[in-house]
Every structure is written in C-alpha cells, then in structure tokens.
Amino acid sequence: MELQPWISICDSRCAFCYFPTTATTKIRIEPYLEALKKELEMYAGTRYVKTSVFDEIVLGGGTPSVLSAEQMIDLIDFCKARFNINDEYFIKVTGSSKTLALSKIDKLAEYGVYQMDMGAQTFDDKLRKMMCLPDSAADVEKAIRHARKLGLCVCVDLMYNLPGQTMESWINTLKKAIELDVEVDTYSLHVDPGTLLEKMIKTGKSPPPGDAEYEKQMYLTAYRMLTEAGYKAVGHDRFSRVEWHMRENCLNGWPWGGILTTGAGCFMGYLQRFSYSNIEDINQYMKTVNSGKLPISRLSESTDEDMMRREMTRLYLRLPVSKTEFMERFGKLPEDVFPQQLKRLKEKGLIEIDDREIRITKQGEVWKGNIAWEFAPKQTG
Ligand SMILES: C[S@@+](CC[C@H](N)C(=O)[O-])C[C@H]1O[C@@H](n2cnc3c(N)ncnc32)[C@H](O)[C@@H]1O
Ligand code: SF4
C-alpha cells in the first residue's frame, strides 16, 4: 500500500497541466500543511488503516519541492509516526527543478529519500518555453545529475506529441534521459478543457498536437529506444532498468491493494472497494478538514461486477490476470464473464490466454488503453 500526501501547490502553471493545483502566491503553506496532517490523522485513527501496512510514502501533487527540505522531512516524519510502515519502505518525493535547489536535494538524500520524481517533460528549450516551463533543460539536467551523484533514484516524466514537437526533438529528449540513467514515465499529451494550452490552440497561438498516427510513432520510437537501452516497459507508462522495481511495484496489487491519498484535489485514491477524490479548492479543503470532516468530494463503492471489470484493467498496467485468483474472488472465470471481449481481443492478437492467465501481447501494449475500454460498462443513451 502507498501513502500519498499531496502538496497541490505549484510556483507556476505549465500550459498543458490539468492537475488541480494552486499558485504558491495564493496560499500560505503552513496552514495547508496543518490541515494535511489533520486529514492524515483522521485516517490514521480508523480501524482499517490501523491494521494496514504501507510500503511507500510518496509526496506528490503538485510540486512538494515548493516546501523547504525541513517541511518535507517533517511531513514524512509525521507519516512514519502515525502509520504502520513496512521495514523495507521507500520514500519518494516529487520535485521540479524550478523549486528544487541543490541544497534541498542534499538534505533529502541525507534523510533517506529513495527516489526523486521529476516532471522534466522535454529537454528541448524551445518547447519548454512554449509550454510555460520556466526552468531550462540545463537546470533540469543539473538537478538530476546532482541527485544521481548522491545515489538517489530519479524518475522523470517525459511528454510526447506536444505541439510543434518534432521526432528529432523527442529522440534527443529520450537520448538525454538514457544518458542521465533515469527511469522514465512517458505521457502522451492530452489537451484538457480549461488549460492554457487549450486556449493557445483555439486562438492559434500554438499549433495543435500531431494526429493519432504521429502519437503512435512517437510511442513506438520511445519503446524501441528505451528497450534497446535495456529498459523494460512496466505499469501504464513506466520504463525501468531496475529489476526489483518491477517486482516490488505497489501497482502489482491492483485492484486490491490501496493508495491512501490525501490533500486538496487528490484523486485516484482507493482502499479495497472504495475509490475517492478530494475537494479541489484549497480553501474549501482546509475549511472542511478544520471542521473535523474528511474532505472527500467523490466516493464510490464498487460492486462485484465493478471489481471484475477492474481486475481486467490489470492488462492496462501490463500485469497478467490470474484465472485462479479471479475464480477465488468471484467464483467464475474471466471467460465466463467477458466471453465476447476476450474472444475479440484474442482474435486481434492483442491478448494471449492460457490455462493460468491472460496477458497482453507486444502488439497489445500499444493499444492497452483501448483494451481497458473493452471492459468498461457500456454507455447508454
Ligand atoms: C502532477 S504532475 C507532477 C509532476 C510535477 N508537478 C512536476 O511538474 O515536476 C504529473 C505529470 O503529469 C503529466 N501531465 C500533466 N498534464 C498532462 C497532460 N495534459 N497530458 C499528459 N500528461 C500530463 C506531466 O508529465 C506531469 O509531470
Ligand atoms: S505539471 Fe507539475 S509543475 Fe506543472 S503545473 Fe502541473 S503539477 Fe505543477
């Protein structure tokens, strides 16, 4: 299980970003941290959490690096004191080089942070400027080199199919990531309503992103370059060269493990059959927590049918669906529940089925999003 407090605050807004974050200038950090601790405390007091063990503490958001090193460490200490943490646990911190002074990295490394997650996005300065990323590619590189030198594992988010991004630019970004010896999360751009990028495209200030074929070619280029460099595709977007990262990944427990996420605007939290997200508005969030209530804005409890569908989305995470486990949980086999979908996907060469499990094929990896949609409830109306 993963414990994931969000610092939903950023120094500046990247043009593409759809995450519900607040500008540093519009919020006082200390009261936010107090509310965050109060929310964590509420969960820590529940019977379910008291009997749960967490393997990872992940400071996400947002950009936790807007905090001082001392504030980040204090928050992690708080989590360690209030929750049951596994003997072999990992601390991961998300940081952007725009707020990640090298001295902060020193302190975090010394404290025992295992991994820095950095939204590098691209090492192309022209694109960085266009996407409103204020730090330069050289700044990002410097922060990564520094963290690697201290022995930290670094995982960078890289985006493809950005407006105006040439294949050459994408290849150079991938080459740089390989050279820096970091793990990579690759994200294809999604233009979200309400983002600055959507406005820029509408008003002609930015060209639109490439079409689906171009996006596919960019993904395949990344796949080829990274696998040739010894990486393996894991999870939804990750490329890793560290074997035990693949084995120990918290995702492996999907959909029965859990991510206890907290903070304004956090989403994708789940504990067994419950999924939830929090109030986005940071002031409303603080007010709710301070009145003693959990700041949940959406909560759902999955039925058996929902859980069977979720179990099938392991394919999206490149994980096998075990027939024995499916039978133990639901008293049926996946083929009994989803006969047409499985037949269709198998005929298309996107999945393989044997006596033990269902897996996606190499071809299926490209279409794993579409595979997941096959198991979604049919829309009506
Ligand atoms: C919440 S951000 C956390 C990263 C951190 N704030 C930073 O920028 O260093 C997680 C990642 O989501 C990705 N992302 C944000 N908006 C996106 C979009 N519209 N389409 C695809 N990926 C996006 C970016 O790669 C980003 O680094
Ligand atoms: S990508 Fe990261 S730094 Fe940029 S606005 Fe989103 S959360 Fe903030």
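Up top you'll find the structure we're talking about.
Please read all numbers here as calculations on a predicted model, not as lab measurements.

Conventions used here
- Residues numbered from 1 in each chain as written.
- Chains lettered and ligands numbered in written order.
- Predicted model: local features only at pLDDT ≥ 70, side-chain atom pairs only at ≥ 80, totals over all residues.
- Helix = DSSP H or I, 4+ residues; strand = E, 2+ residues; numbered from the N terminus.
- Rg over C-alpha atoms; globule rule 2.2 N^0.38 Å.
- Buried ≥ 20, exposed ≤ 12 C-beta atoms within 10 Å, placed from the backbone.
- Expected span 1.5 Å × (residues − 1).
- Arc of directions from axis to C-beta.
- Contact = placed C-beta atoms within 7 Å.
- Near = placed C-beta within 6 Å.
- Nonpolar A, V, L, I, M, F, W, Y, C, P; charged D, E, K, R; others polar.
- Pairing = 2+ DSSP bridges.
- Right-handed = clockwise from strand over helix to strand, strands pointing away.

Undergrad: An account of the overall build of the protein chain is needed here, citing residue identities and associated values.
TA: Along the backbone of the protein chain there are 17 helices and 17 strands. Computed over the C-alpha atoms, the radius of gyration of the protein chain is 21 Å, within 12% of the 21 Å expected from 2.2 N^0.38 for a compact globule of 381 residues. Along the first, second and third principal axes, the C-alpha set of the protein chain runs to 55 × 55 × 45 Å. Relative to its 381 residues, the protein chain shows a buried fraction of 38%.

Undergrad: Can you break down helix 3 (residues 69-82) residue by residue, with the values?
TA: With 14 residues, helix 3 should cover 20 Å at 1.5 Å per step; its first-to-last C-alpha distance of 20 Å lies within 8% of that length. All buried positions along helix 3 are accounted for by A69, M72, L75, I76 and C79. Seen end-on, helix 3 carries its buried residues on one side only, within an arc spanning 135°. Pointing more than 90 degrees away from the buried face of helix 3 are the exposed residues E70, D77 and A81. Against the buried residues of helix 3 lie strand 1 (2-7), helix 1 (29-44), strand 4 (54-61), strand 5 (85-94) and helix 4 (102-111).

Undergrad: Tell me about the site of ligand 1, residues and numbers included.
TA: Residues in close proximity to ligand 1 total 18 residues, the closest being S96, G119, D157, Y187 and H190. Tallying contributions element by element places strand 6 (residues 115-121) first for the shell around ligand 1, with 3 residues. Along the lines of polarity and charge, the residues of the shell around ligand 1 split into 8 nonpolar, 8 polar and 2 charged.

Undergrad: Tell me about the pairing of strand 7 (residues 153-160), residues and numbers included.
TA: Of all 8 residues in strand 7, 6 are buried; the element is thus mostly enclosed. The pairing of strand 6 with strand 7 spans 5 bridges and is classified as parallel. Note on strand 7: the bridge partner recorded for M118 is V156. The pairing of strand 7 with strand 8 (residues 183-188) spans 6 bridges and is parallel. In the strand pairing of strand 8, D157 is matched with D185. Between the parallel pair strand 7 and strand 8, the chain is carried across by helix 7 (residues 167-179), and the sense of this crossover is right-handed.

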